[in-house]
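Survey of secondary and tertiary structure
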Amino acid sequence: MSVPEYDLRIDGAEPLSKETVRRLADLCDRVESLGLEAPVTVALSGAPALPWTVPDLALATRWERAVRRFERLDAATVGVAAGDVGGTALDVLLATDVRVASPDTRLLVPVTAGGAWPGMAIYRLVRQAGIAATRRTVLLGRAIEAAEAVALGLLNETAGDPAEALARVARAAAGLPGRELAIRRRLMDDAVSTSFEEALGAHLAACDRALRRSTSGAGA
């Protein structure tokens, strides 16, 4: 079994630090400056020891902003998860477009002395899988096993060979400009909370852009 090269590795067992924020921000810098069209791949594993602690709110804020920036990159993003995944690793996994995991993967919300850490991982879990499906995880700290995560749509698939899975994703994303992918990602996100009438203009603008591209080439 071959081991692919990843653009970034995040160990959720490590505490949140300025270095963690810097590494994710540096990845975003590289993608934005180079205009990459190949999928951006992130290896994610590890969950923090209990109780989870964060040094201060300022660092937590910087981290959440970095994850949001990563989530909105003009490139396809792929998370490859293995084993227990929590803390910073879970944050980034939930911000990726495509998620592949080993069969032994478990998703874990970090727990503080007062309960689940109330960061944006909770927001993404509920937004992506629904309140009923994630209630026990958020309120009681129950792990989400890989098979259940696939059923809930939190993972796309489990695979024993990550290199093969990544190759499939790369083929699927081939030729799709990152900017176009980002537009469609935003349209999907807005569909959850935006009325039809409010969303119509953005969708028609995207349709117009697609029509212009088809008639005048990819540079339109």
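What you see as residue numbers is a count from 1 along each chain, following the sequence as written. Reporting of local features is limited, given that this is a predicted model, to residues whose pLDDT is at least 70; pairs of side-chain atoms are given and counted only at 80 or more, and all residues count toward the totals for whole chains, interfaces and linings. Side-chain measures here rest on the full set of heavy atoms in the structure, leaving out hydrogens and waters.

Strands here are runs of E lasting at least two residues and helices are runs of H or I lasting at least four, both read from the DSSP assignment and numbered beginning at the N terminus. Helix and strand content of the protein chain: 9 helices and 9 strands. For 220 residues, the compact-globule estimate of 2.2 N^0.38 gives 17 Å, and the protein chain sits close to it at 18 Å. Dimensions along the principal axes, computed over C-alpha positions, put the protein chain at roughly 55 × 45 × 35 Å. By residue count, 43% of the 220 residues in the protein chain fall in the buried class. Residue contacts are defined here by distance: any two heavy atoms, one from each residue, within 4.5 Å place the two residues in contact. Taking contacts inside the protein chain between residues at least 6 apart in sequence as the whole, the part at least 24 apart equals 72%. Per element, the accessible surface of the protein chain, about 11400 Å² overall, is 57% carbon and sulfur. All tallies of charge rest on Lys and Arg as positive and Asp and Glu as negative; His and the ends of each chain are not included. By convention, the point assigned to a charge is CZ for Arg, NZ for Lys, CD for Glu and CG for Asp. With 26 positive and 28 negative side-chain charges, the protein chain shows a spacing of 3 Å between the two charge centroids. The globule rule is 2.2 Å times the number of residues to the power 0.38, and the radius of gyration it is compared with is taken over C-alpha atoms. Relative accessibility under 20% of the residue-type maximum defines a buried residue, over 50% an exposed one, and the middle range a partly exposed one, all with a 1.4 Å probe and only protein chains included. Accessible surface is estimated by sampling points in the Shrake-Rupley manner with a 1.4 Å probe; for residues, cover comes only from the protein chains shown.

Moving on, we get to the pairing of strand 1 (residues 8–11). Alternating residues of strand 1 divide into L8 and I10, all buried, and R9 and D11, none buried. Note: two strands are recorded as paired if DSSP finds a minimum of 2 bridges between them. Pairing of strand 1 with strand 2 (residues 40–46), which is carried by 4 bridges, proceeds in the parallel orientation. Across the sheet, residue R9 finds its bridge partner in strand 2, namely A43.

Glancing now at the environment of I122. Among the secondary structure elements, I122 is positioned in helix 4 (residues 120–129). Note on I122: relative accessible area 19%, which makes it buried. Discounting chain neighbours no more than four positions away, the residues touching I122 are A116, W117 and V138.

A regular strand places its side chains so that they alternate between the two faces of the sheet. By the criterion of burial, strand 3 (residues 77–86) is predominantly enclosed, with 8 of the 10 residues buried. Bridging between strand 2 and strand 3 involves 7 bridges; their strand directions are parallel. When the bridges of strand 3 are listed, G46 appears paired with V85. In terms of handedness, the path from strand 2 via helix 2 (residues 57–71) over to strand 3 forms a crossover that is right-handed. Note on handedness: a crossover is taken as right-handed if, strands pointing away from the viewer, the path from the first strand over the helix to the second is clockwise.

Another aspect to go through is the pattern of salt bridges. Within this document, salt bridges are pairs made up of a side-chain nitrogen of Lys or Arg and a carboxyl oxygen of Asp or Glu, the two lying within 4 Å of each other. Taken as a whole and assessed by the stated rule, the structure comprises 12 salt bridges. The partner of E71 in a salt bridge is R68, with the nearest N and O atoms 2.9 Å apart. Within this pair, E71 and its partner R68 are both found in helix 2, separated by 3 residues, close to a single helical turn. Among the ionic pairs, D97 bridges to R185, the shortest N-O distance being 2.8 Å. With D97 in the loop between helix 3 (87–93) and strand 4 (98–101) and R185 in helix 8 (residues 178–191), this pair connects stretches of sequence that are 88 residues apart.

The subject of this paragraph is the side chain of T96. Along the chain, T96 falls in the loop between helix 3 and strand 4. A polar side-chain atom of T96 sits 2.6 Å from the main-chain carbonyl oxygen of L93. Look past the residues within four positions of T96 in its chain and what remains in contact with it is F70, T77, V78 and G79. We define a polar contact as two N or O atoms separated by no more than 3.5 Å, with the added condition that, inside protein, one atom must be a possible hydrogen donor and the other a possible acceptor, whereas residues neighbouring each other in sequence contribute only through side-chain atom pairs.

On to the packing of helix 1 (residues 18–34) against helix 2. When two helices pack together, you describe them by how their axes are tilted relative to each other and by the distance separating the axes. Two numbers describe how helix 1 lies on helix 2: the axes approach to 9 Å, and their chain directions differ by 25°. As summarised for this structure, helix 1 and helix 2 are arranged roughly parallel, according to the angle between their axes. In this structure, helix 1 meets helix 2 at a crossing whose hand is left-handed. Side by side, helix 1 and helix 2 meet where K18, T20, V21, L24, A25, L27, C28, D29 and E32 of the first sit next to L59, R62, W63, A66, V67, R69 and F70 of the second. Lines fitted to the C-alpha atoms define the axes, with helices restricted to the stretch that makes contact. Angles between their N-to-C directions range from 0 to 180 degrees. Small angles under 35 degrees read as roughly parallel and large ones over 145 as roughly antiparallel, with 65 to 115 read as roughly perpendicular and the rest as oblique. Handedness of a crossing follows from how the near helix is turned relative to the far one, being left-handed for an anticlockwise turn of less than a right angle and right-handed for a clockwise one.

Buried within helix 4 we find A121, I122, R124, L125 and A129. End-on, the buried residues of helix 4 take up no more than an arc of 165°, which puts them together on one face. Where helix 4 is buried, its residues contact helix 2, helix 3, strand 7 (115–116), helix 5 (131–140), strand 8 (144–145) and helix 6 (146–152). Taken from the residues just after helix 4, G130 is the one with a positive phi, measuring 95°. Here, the arc refers to the directions that run from the helix axis to the C-beta atoms.

For helix 1, spanning 17 residues, the distance from its first C-alpha to its last is 24 Å, which sits close to the expected 24 Å at 1.5 Å a residue. What helix 1 keeps buried is the set T20, V21, L24, L27, C28 and V31. Buried residues of helix 1 fall within an arc of 125° about the axis and therefore sit on the same side. Exposed side chains of helix 1 directed beyond 90 degrees from the buried face belong to K18, S33 and L34. On its buried face, helix 1 sits against strand 1, strand 2, helix 2 and helix 3. In the stretch just after helix 1, G35 is the one whose phi turns positive, near 60°. Here a helix's expected span is defined as the number of its residues, less one, multiplied by 1.5 Å.

Any functional reading would require information beyond the geometric quantities listed.
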